[in-house]
Amino acid sequence: MDLKQEGVWDQFRGHLKEAWGVLTDDDLDRAEGRWDRIVGLVKEKTGDTTEAIEQRMNELLESIRQPQR
């Protein structure tokens, strides 16, 4: 999934940095909005499982797509 094409990348970047404080702007620039690259970065920096990372990322993405009313 390419988050840049979905138009949510800028918002998602901020959520990712809040969720995983170890991620830098440089890390996210290198990921280029690609889901698999973000998962790999988080896994490398935190040791979290792929499943846990993807679950949290899906939650973050859903919060962007379905804003609180």
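None of these values were measured; they are calculated from a predicted model. (Residues numbered from 1 in each chain as written. Predicted model: local features only at pLDDT ≥ 70, side-chain atom pairs only at ≥ 80, totals over all residues. Heavy atoms only, no water.)

**Quick notes on the overall build of the protein chain**
For the record, the criterion: Numbering goes from the N terminus for both helices and strands, where a helix is a DSSP run of H or I of at least four residues and a strand is a run of E of at least two. Accessibility here uses a 1.4 Å probe with only protein chains present; expressed as a share of the type maximum, an area under 20% marks a residue as buried, one over 50% as exposed, and anything in between as partly exposed. We call two residues contacting when some pair of their heavy atoms lies within 4.5 Å.
Within the protein chain one finds five helices and zero strands. The order of α-helices and β-strands along the protein chain, N terminus first, is α-α-α-α-α. Dimensions of the protein chain, computed from C-alpha atoms along their principal axes, come out at roughly 35 × 20 × 20 Å. Split into buried and exposed, the 69 residues of the protein chain put 32% on the buried side. Considering only residue pairs separated by 6 or more positions, the protein chain has 51% of its internal contacts joining residues 24 or more positions apart.

**Structural notes on the pattern of salt bridges**
The test is simple: A pairing counts as a salt bridge when a side-chain nitrogen of Lys or Arg comes within 4 Å of a carboxyl oxygen of Asp or Glu.
Throughout the structure, instances matching the rule amount to nine salt bridges. With a closest N to O distance of 3.4 Å, E59 and R56 form a salt bridge. Placement of both E59 and R56 in helix α5 (residues 50-65) is noted, with a separation of three residues, approximately one turn of the helix. Take E59: its relative accessible area is 40%, and that puts it in the partly exposed class. Using a relative accessible area of 35% as the deciding quantity, one classes R56 as partly exposed. Linked by salt bridges that have partners in common, R13, K17, D25 and D29 make up one network.

**Comments concerning helix α4 (residues 35-46)**
For the record, the criterion: Helix span is expected to be 1.5 Å times the residue number reduced by one.
With twelve residues, α4 extends 16 Å from end C-alpha to end C-alpha; this agrees with the ideal 16 Å at 1.5 Å per step. Tucked into the core, α4 has its buried residues touching α1 (3-6), α2 (9-19), α3 (25-31) and α5. Just downstream of α4, G47 is the residue with a positive phi angle, here 80°.

**A short note on the packing of α4 against α5**
Axis angle and axis distance: for two packed helices, these are the angle between their axes and the distance between the axes, and together they describe the pair. Quick reminder of the rule: Axis geometry follows a simple rule: fit a line to the C-alpha atoms, using only the stretch in contact for helices, then measure angles between N-to-C directions, giving values from 0 to 180 degrees. Angles below 35 degrees are treated as roughly parallel, those above 145 as roughly antiparallel, those between 65 and 115 as roughly perpendicular, and all remaining angles as oblique. Crossing chirality is assigned from the near helix's rotation relative to the far helix, an anticlockwise turn below a right angle marking it left-handed and a clockwise turn marking it right-handed. The residue classification treats Ala, Val, Leu, Ile, Met, Phe, Trp, Tyr, Cys and Pro as nonpolar and Asp, Glu, Lys and Arg as charged. All others, Gly included, are polar.
Where α4 contacts α5, the axes come no closer than 10 Å and their chain directions differ by 125°. Classified by the angle between their axes, α4 and α5 sit oblique to one another. Two packed elements cross with a definite hand, and for α4 against α5 that hand is right-handed. Between α4, through W35, I38, V39, V42 and K43, and α5, the contact on the second element is made entirely by T50, I53, E54, M57, N58 and L61. Broken down by class, the residue content of the contact of α4 with α5 amounts to seven nonpolar, two polar and two charged.

Keep in mind these numbers describe shape, not what the thing actually does.
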